[in-house]
Amino acid sequence: MKELIESRQIRAFVAVARRGSFTQGAKDVFLTQSAVSHAIKSLEGDLGCPLFQRVGRRAVLTPAGERL
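Residues numbered from 1 in each chain as written. Predicted model: local features only at pLDDT ≥ 70, side-chain atom pairs only at ≥ 80, totals over all residues. Heavy atoms only, no water.

**Q** Looking at this structure, I do not really get the pattern of salt bridges. What am I missing?
**A** Any two side chains of opposite charge can pair, so long as their charged atoms come close to each other. If you walk through the whole model with that rule in mind, you get three salt bridges. Residues Arg8 and Glu6 are paired through a salt bridge, measuring 3.0 Å at the closest nitrogen-oxygen approach. According to the relative accessible area criterion, Arg8 is partly exposed, its value standing at 35%. Of the charged contacts, one joins Arg54 and Glu44 as a salt bridge, the two residues approaching to 3.3 Å between their closest N and O atoms. In this pair, Arg54 is assigned in strand E1 (residues 52-55) and Glu44 in helix H3 (residues 33-47), connecting sequence segments 10 residues apart. Given the relative accessible area of 12%, Glu44 is considered buried. (Salt bridge = Lys/Arg side-chain N within 4 Å of Asp/Glu carboxyl O. Buried < 20%, exposed > 50% of the residue type's maximum accessible area, 1.4 Å probe, protein only. Helix = DSSP H or I, 4+ residues; strand = E, 2+ residues; numbered from the N terminus.)

Right under this line is the structure:
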């Protein structure tokens with residue numbers, strides 16, 4: 001696990017958690033959907049657990065995501 005979480009990862013996480021959508025979250029932080037997806041994937045890798053469950057086009061927080 002990395003020692004520090006990058007601010008772009010946290011901004012992306014919060015935006016997706018608030019909106020329940022990678023696409024809408026990306027619009028909120030002025031990034032592409034792809035950039036947000038990569039930031040979340042990287043954060044999940046750093047933390048060693050999934051933070052979102054992808055349900056169709058929706059992103060639902062996992063218990064680990066809720067704790068974060």
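The structure having been displayed, the exposition proceeds.
**Q** Can you walk me through helix H1 (residues 7-19) in this structure?
**A** Counted at 1.5 Å a residue, the expected span for H1 with its 13 residues is 18 Å, and the 18 Å between its end C-alpha atoms agrees. Packing partners of the buried residues in H1 comprise helix H2 (22-28), H3, E1, strand E2 (58-61) and helix H4 (63-67). Just beyond H1, the residue with positive phi is Gly20, at close to 70°. (Expected span 1.5 Å × (residues − 1). Contact = heavy atoms within 4.5 Å.)

**Q** Even after reading the chapter, I still don't get the environment of Val36, so can you show me in this structure?
**A** Mapped onto the elements, Val36 comes out in helix H3. A relative accessible area of 0% places Val36 in the buried class. C-alpha separation for the pair Val36 and Gln53, spaced 17 residues apart in sequence, amounts to 15 Å. Contacts of Val36, omitting those with residues within four sequence positions, involve Ala12, Val16, Phe22, Ala26, Val29 and Leu31.

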